[in-house]
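These are the residues of each chain, in order.
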Amino acid sequence: MDLSRAVIESLEKGNAITNAVSQTVQWLARERIDKSEFKYCIDQARGLTYPNSHGLQIRTSLMDCENKYAKVSGLKLIQSGSVGRWMAFDMDYCYMVTTVAAIMIHHEYQFAADALCNMIVDDENQDHSGGKSYNIRKTRLKPVLSKIVESIALNVVNSGHGVEPLPREVADLCVHITSASAFAAVVMAVQRSSNDILLYCGRFHGDIFVWLISHFDGVLELSVAGRIIYDKALGEAKARVTMIVREICDVNASSHVSKDADIEITINLGKGQFKTIFRQDPVTNVKGPQATKRQQLYSIDEINVKEQHSILSHSEMNDVRLTAQAMADWLLQVALKHGNDTDVQFCFKQATEENEQRETLNIGSLLQRWPRVTHKKYGQKPKTLCVFRSPSEGLPELDDESSNPSRSKAICEIINCFPVAMDLFDNIKPRCPCTSCRRNWNIGEGKYGCLRETALAELLALLAHTIADGFGAPDVSGLVEAKDRKAGFQRLFTELIWDGLVVWDTWFTFAASTFLGCAWNNSMIEDMEGATSVIVVQYGSLVAASTWINMSEELSGFGCFGFSFAEGRVQGIVSEFAVVQAERTMKISQPCPSQQGLISQTSNTTPVDTSFAGIEVALIGASQVSYRLLTMVKSDTARRIVDPTAAIVACCSSFFPACEHARIETYLDSAHDSVWSFDELLGGWSRENKLESENKGMIVSTTLIETTQKFNVALSLSPQGCVVQNPSCCFTCAKGHLARHPSKHGKRIIRRAGVSNLMQQMAI
């Protein structure tokens, strides 16, 4: 045990090399990879090819971001030491990073594992004319390569680092993609040959072209239908790759398969001699480009490109956008009211009464920023006048199982509440020949390839982008699968429509999963003993943290549904995926009224609080992917764990009155008024305070709190709300407001000191 402790301590105090070794060993253990298998894979993959100067820009991008962020929402970040990132700085393996980045522009990242396998086992003497050939080495390489590729995808590409996309000269061409074996054959032929190469294609293969731009060190030429549209020297080598695309693809054609050979590689041996080393026949039913790199908000073209080309027409895609815009407009205008019956869950209730709906609070005001989808010009709005109707308005009765409030509603039940969406799908259905459309199955029950299901996927993607945009996301991940997006959509809209609730945990995790790329599921928001709200989600080398967990920052109910994001890892989290919840406020024994809280009034001013206040945070592991954030506050005589969630809940539930009177302090009635210092309230305030319950007429107030940190802590101990006396209100009016709006905490006033008050105290 002493030896084990010494090894661990040496690794913790080691240099960059020992840290990398330690993190690699941890990664191998976490992914359950045998060390001998990892060594075999690394030896086989060493130095297959090298990126050019364009490809190596990804390394510069990674170096620039290393010291960009030190904290996120007050939580300390450390640099990610993942295997995928350190490979970018190793000359023998950096090609793996650039290859995965190039592939993810047009493929799912799992494709890269197959491509790298084929590159490793590719033999220059192999006869490729017969198509794919089996090699037992792939069986041994694939499991390890899949984990390496996943690490690169999550920690490099999904963090926003990549290679150059298609240049503008070819950006408008219809992109076709290759198989993993063809991709490997082309790139290895280019790597091995010092002669000129002729790459003859029936169609334009964008995935190969992107890889050549970031790896080939000679002259790259592209001609389409007899016209040269790209000719550029990518390095100092004299070799030339000429990519000839025989036909321009017609987007209106029913079939996009080339009549001649799909790909043919010919090497110029000199003296008029040529050798064909690879030939792939046309492939039917091949998926079209499916980008998994990061995507711009509201850019949904990739979703519609599954079978080589768009299966929805331009007018249908525009109708999807208009429908999403109408639903987003309705969503943002849903009126809300403060409705927390507990200090554990952060949520709002839907306002149903007419006088409640006249209030300014709605979902749009909760979001950190107003989603930009509402400003986009997609054309004429849908003809349907009704966007939303209640589930009780003319809808068929549901069976007992589907009406169970404990489960998410089916997609069809939710869509039935939006006539504008139903009209969209009804207009698309006659053009779709699939079984689900012919038999009038419910939306959401169709198969892959159905026009209605494709439109539904685009609609849900736009709504997911709307929510992520509102939370502050600059872009979205391309790793989110449609089924995961659908599950989050069902939970969120079930709570909103049937339960009348806007629950922070659901909205935050849904927005974070859209931004980070992790799969959304109910386990992310499950109740755990001692925990309250989800406040941080980490995936790979990206972190999304709620904006209000930093107790030193000012809180506001407007815009509280938002997150801060950064590249790195929260210190204390070692797993690729983690969900952090806040620890509940610590309960305490109640003090005796005669011992605390009663400050004799000898002047007409309330003293400024001078108590010491310090905050420390710590992360503890609750399970394999679940962590708990402990926010510990220390004063002169007290130490206590408080919940940041309770602070934002109190901020949303409290009253901030203002009056026209000058802030003149009045004498307090010692029989009915009690003044608490910060040190006293930290050790004495709780949800049910004996001082308040035993003295029904007692008004509890604080000394003048001068720091945001102390004020937020005081709020966290009053999650059901209180009256906050700012410098813009006198104490008499604050007491009057408290009498009209008593909280469940009794009569509690938190007093904040302004600059003028502090200066007055100092002058005295």
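Structure first, text after, so check above.
What comes next concerns the included structure. All values reported here derive from a predicted model rather than from experimental measurement. (Residues numbered from 1 in each chain as written. Predicted model: local features only at pLDDT ≥ 70, side-chain atom pairs only at ≥ 80, totals over all residues. Heavy atoms only, no water.)

**Concerning the pattern of salt bridges**
Short version of the rule: Basic side-chain nitrogens of Lys or Arg form a salt bridge, by our definition, when they fall within 4 Å of a carboxyl oxygen of Asp or Glu. A run of DSSP states H or I qualifies as a helix once it reaches four residues; a run of E qualifies as a strand once it reaches two. Both are numbered from the N-terminal end. Burial classification: accessible surface area is computed with a 1.4 Å probe over protein chains only, and a residue below 20% of its type maximum counts as buried, one above 50% as exposed, and the rest as partly exposed.
A full pass over the atoms with the stated rule returns 24 salt bridges. Residues Arg 752 and Glu 554 are paired through a salt bridge, measuring 3.1 Å at the closest nitrogen-oxygen approach. One end of the pair, Arg 752, is in the loop between strand E25 (747-751) and helix H25 (755-763); the other, Glu 554, is in the loop between strand E15 (542-546) and strand E16 (563-567), with 198 residues separating them in the sequence. Its relative accessible area of 49% is what places Glu 554 among the partly exposed residues.

**Topic: unusual backbone geometry**
Most peptide bonds are trans, and most residues other than glycine sit at a negative phi. Non-glycine residue Arg 32 carries a positive phi angle of around 60°. Even without a glycine there, the phi angle at Asn 440 is positive, about 60°. Counting through the fold element by element, Asn 440 comes out in the loop between helix H16 (435-438) and helix H17 (451-471). On the basis of relative accessible area, Asn 440 is assigned to the exposed category, the value being 52%.

**Considering the packing of aromatic side chains**
Short version of the rule: Aromatic rings from Phe, Tyr and Trp, with only the six-membered ring used for Trp, were paired whenever their centres fell within 6.5 Å, and each pair was classed as stacked if the ring planes differed by under 30 degrees, edge-to-face if by over 60, and tilted otherwise. Working rule: Lys NZ or Arg CZ, within 6 Å of ring centre, within 35 degrees of ring normal, means a charge sits over the ring.
Within the structure shown, the criterion is met by 26 aromatic pairs. With 6.4 Å between their ring centres and 70° between their planes, Phe 508 and Phe 563 make a pair best called edge-to-face. Taken together, the residues Phe 508 in helix H19 (residues 504-516) and Phe 563 in strand E16 connect sequence positions 55 residues apart. Judged on exposure class, the residue Phe 508 and its partner Phe 563 are both buried. For the pair Tyr 539 and Phe 577, a centre-to-centre distance of 6.2 Å together with 80° between the ring planes defines the contact as edge-to-face. Of the two residues, Tyr 539 is situated in strand E14 (residues 531-539) and Phe 577 in strand E18 (residues 577-583); the sequence distance between them amounts to 38 residues. By way of ring pairs, the aromatic residues Phe 346, Phe 348, Phe 471, Trp 504, Trp 507, Phe 508, Phe 515, Trp 548, Phe 561, Phe 563 and Phe 565 are connected into one cluster. The ring of Phe 711 carries the charged tip of Arg 752 above its face, separated from the ring centre by 4.0 Å.

**With respect to helix H20 (residues 644-653)**
The element H20 is extensively covered by neighbouring structure, given that ten of its ten residues are classed as buried. Among all positions in H20, only Pro 644, Thr 645, Ala 646, Ala 647, Ile 648, Val 649, Ala 650, Cys 651, Cys 652 and Ser 653 are buried.

**Examining the state of the cysteines**
Between two cysteines, a covalent bond joining their sulfur atoms is known as a disulfide. Stated precisely, the cut-off is as follows: When two cysteine sulfur atoms are found within 2.5 Å, that pair is recorded as a disulfide.
For the structure shown, the criterion picks out zero disulfides. Here Cys 117 stays free of any disulfide, with the sulfur of Cys 41 as its closest cysteine sulfur at 7.4 Å. The closest cysteine sulfur to the non-disulfide-bonded Cys 722 is located on Cys 651, 9.6 Å from its own sulfur.

**Here's the deal with the packing of helix H7 (residues 110-121) against helix H8 (residues 136-157)**
Short version of the rule: Fitted lines through C-alpha atoms serve as axes, helices being fitted only where they are in contact, and the angles separating the N-to-C directions of these axes extend from 0 to 180 degrees. Here is the rule for angles: anything less than 35 degrees is roughly parallel, anything more than 145 is roughly antiparallel, 65 through 115 is roughly perpendicular, and the remaining ranges are oblique. Note on convention: the crossing is left-handed when the near helix lies turned anticlockwise from the far helix by less than a right angle, right-handed when the turn is clockwise. It only takes one pair of heavy atoms within 4.5 Å for two residues to be counted as in contact. Residue type decides the class: Asp, Glu, Lys and Arg count as charged, Ala, Val, Leu, Ile, Met, Phe, Trp, Tyr, Cys and Pro as nonpolar, and the leftover types, Gly among them, as polar.
Two elements in contact, H7 and H8, have axes whose closest approach is 9 Å; the angle formed by their N-to-C orientations is 135°. By the criterion of interaxial angle, the relationship of H7 to H8 is oblique. The hand of the H7/H8 crossing is right-handed. Here Ala 112, Ala 113, Asp 114, Leu 116, Cys 117, Asn 118, Ile 120 and Val 121 of H7 come into contact with H8, specifically with Arg 137, Lys 138, Leu 141, Lys 142, Leu 145, Ser 146 and Val 149. Along the lines of polarity and charge, the residues of the contact of H7 with H8 split into nine nonpolar, two polar and four charged.

**Here we look at the pairing of strand E22 (residues 673-676)**
This is how it is decided: Note on pairing: DSSP must find at least two bridges between two strands before they are called paired.
Of the two faces of E22, the one lined by Asp 673 and Val 675 and the one lined by Ser 674 and Trp 676 are each fully buried. Of the strand pairs in this sheet, E22 and strand E23 (residues 699-702) are connected by four bridges, and their pairing is parallel. Following the sheet pairing, Ser 674 is matched in E23 by Val 700.

**Observations concerning the environment of Ser 179**
The line we're drawing: Two N or O atoms form a polar contact when they lie within 3.5 Å of each other; inside protein one atom must be a possible hydrogen donor and the other a possible acceptor, and for residues adjacent in sequence the pair counts only when both atoms belong to side chains.
Along the chain, the position of Ser 179 falls in the loop between H8 and helix H9 (180-192). Measuring from C-alpha to C-alpha, the distance between Ser 179 and Gln 280 comes to 9.5 Å, with 101 residues separating the pair along the chain. Not counting residues up to four positions away in its chain, the partners in contact with Ser 179 are Phe 111 and Gln 280. A polar contact is formed between the side chain of Ser 179 and the backbone nitrogen of Ala 182, at a distance of 3.3 Å.

**Some words on helix H23 (residues 708-716)**
Owing to its 3.6 residues per turn, the α-helix aligns residues three or four sequence positions apart on the same side. The element H23 is extensively covered by neighbouring structure, given that nine of its nine residues are classed as buried. By the burial criterion, the buried members of H23 are Thr 708, Gln 709, Lys 710, Phe 711, Asn 712, Val 713, Ala 714, Leu 715 and Ser 716.

**Structural notes on the sheet that holds strand E12 (residues 347-350)**
The three strands lie next to each other as E11-E12-E13, forming an open sheet whose pairing is antiparallel. Of all strands in the sheet, those bounded by a partner on one side alone are strand E11 (336-338) and strand E13 (501-503). With strand direction ignored, the average angle separating the axes of adjacent strands in the sheet is 35°. Relative to E12, E11 runs antiparallel, the two sharing three bridges. Residue pairing in the sheet places His 338 in a bridge with Phe 348 of E12.

**Looking at the sheet that holds strand E7 (residues 263-270)**
Taking strand neighbours across the sheet as the criterion, the six strands line up as E5-E4-E6-E3-E7-E8 in an open arrangement whose pairing is mixed. A single partner strand is all that each edge strand has here, and the edge strands are strand E5 (227-233) and strand E8 (273-280). Between one strand axis and the next, the sheet turns by 15° as a mean value, whatever way the strands run. Looking at chain direction, strand E3 (residues 197-201) and E7 are connected through five bridges and run antiparallel. Its bridge partner lying in E7, Ile 197 is registered against Ile 267.

**Some details on the packing of helix H18 (residues 482-497) against H19**
In contact at an axis separation of 10 Å, H18 and H19 are set at 155° when each is read in the N-to-C sense. When the axis of H18 is compared with that of H19, the two are roughly antiparallel. Considering only the axes of H18 and H19, their crossing is left-handed. Contacts between H18 and H19 involve Arg 485, Gly 488, Phe 489, Arg 491, Leu 492 and Glu 495 from the first element and Thr 506, Trp 507 and Phe 510 from the second.

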